[in-house]
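# Observations on the three-dimensional arrangement
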Amino acid sequence: MIVVNLEDIVGTDRDVEAPTWRSRRLVLAGAKVGFSLHDTVLYAGTVTKMWYANHIEAVYCIEGTGELVNEETGEKHAVRPGTMYLLNGHEHHTLHAHTDVRTVCVFNPPCTGREVHDEDGVYPLITEDEAPAAR
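A few points on the structure.

Thresholds applied
- Residues numbered from 1 in each chain as written.
- Predicted model: local features only at pLDDT ≥ 70, side-chain atom pairs only at ≥ 80, totals over all residues.
- Heavy atoms only, no water.
- Pairing = 2+ DSSP bridges.
- Helix = DSSP H or I, 4+ residues; strand = E, 2+ residues; numbered from the N terminus.
- Axes fitted to C-alpha atoms, helices over the stretch in contact; angles between N-to-C directions.
- Polar contact = N/O pair within 3.5 Å; in protein donor to acceptor, adjacent residues only side chain to side chain.
- Contact = heavy atoms within 4.5 Å.
- Phe/Tyr/Trp six-rings, centres within 6.5 Å; stacked < 30°, edge-to-face > 60°.
- Buried < 20%, exposed > 50% of the residue type's maximum accessible area, 1.4 Å probe, protein only.

### Observations regarding the sheet that holds strand E4 (residues 47-51)
Read across the open sheet, the 4 strands follow the order E4-E9-E6-E7; overall the sheet is antiparallel. Edge positions in the sheet fall to E4 and strand E7 (76-79), since each has one partner strand and no second. Across the sheet, the mean angle separating the axes of adjacent strands is 20° when strand polarity is ignored.

### Quick look at the sheet that holds strand E8 (residues 84-87)
Reading across the sheet, the 6 strands line up as E1-E2-E3-E10-E5-E8 and stay open at both edges, with antiparallel pairing between neighbours. The open sheet has two edge strands, strand E1 (15-17) and E8, and neither has a second partner. Neighbour to neighbour, the strand axes of the sheet diverge by 20° on average, direction disregarded.

### Considerations on the side chain of serine 36
Structurally, the position occupied by serine 36 is in strand E3 (residues 36-42). Within polar-contact distance, the side chain of serine 36 engages the side chain of histidine 38 at 2.8 Å. Among the polar contacts made by the side chain of serine 36, one reaches the main-chain amide nitrogen of cysteine 111 at a distance of 2.9 Å. Those residues in contact with serine 36 that lie beyond four places of it in its chain are Val27, Leu28, Cys105, Val106, Phe107, Pro110 and Cys111.

### Overview of the packing of aromatic side chains
Under the criterion given, the structure shown has 1 aromatic pair. Aromatic pair tyrosine 52 and phenylalanine 107: ring centres 5.1 Å apart, planes at 85°, arrangement edge-to-face. One end of the pair, tyrosine 52, is in the loop between E4 and strand E5 (56-63); the other, phenylalanine 107, is in strand E10 (residues 101-108), with 55 residues separating them in the sequence. Neither residue differs from the other here; tyrosine 52 and phenylalanine 107 are each classed as buried.

Now the structure itself:
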């Protein structure tokens, strides 16, 4: 059993910040459970372009409002508490955060905690063998 409180993550290497978001990684590949779990905040007034070419991501909004744009189809979707979106087709997408948008994200394959978006918004695929050990 693994028990982690968000307070345990804040200020550690599992608390990752970029110009438009902050992600606290609660479960990583080192736990060897087949997914990673992240508490992520996208900052109010920002636009974040992403494309998970190597991962499937489920996102559940628990706070805030924004707009999700599928860059491949032009479809737009309101994001608010209770909204879930699943990027099961590796869609290029953009999130426009109207307010701070807090989400719970699940990645498969799991992230190791060392991933950083490249210029296309892609996380590299890092295998569990390269991942740090679970707490």
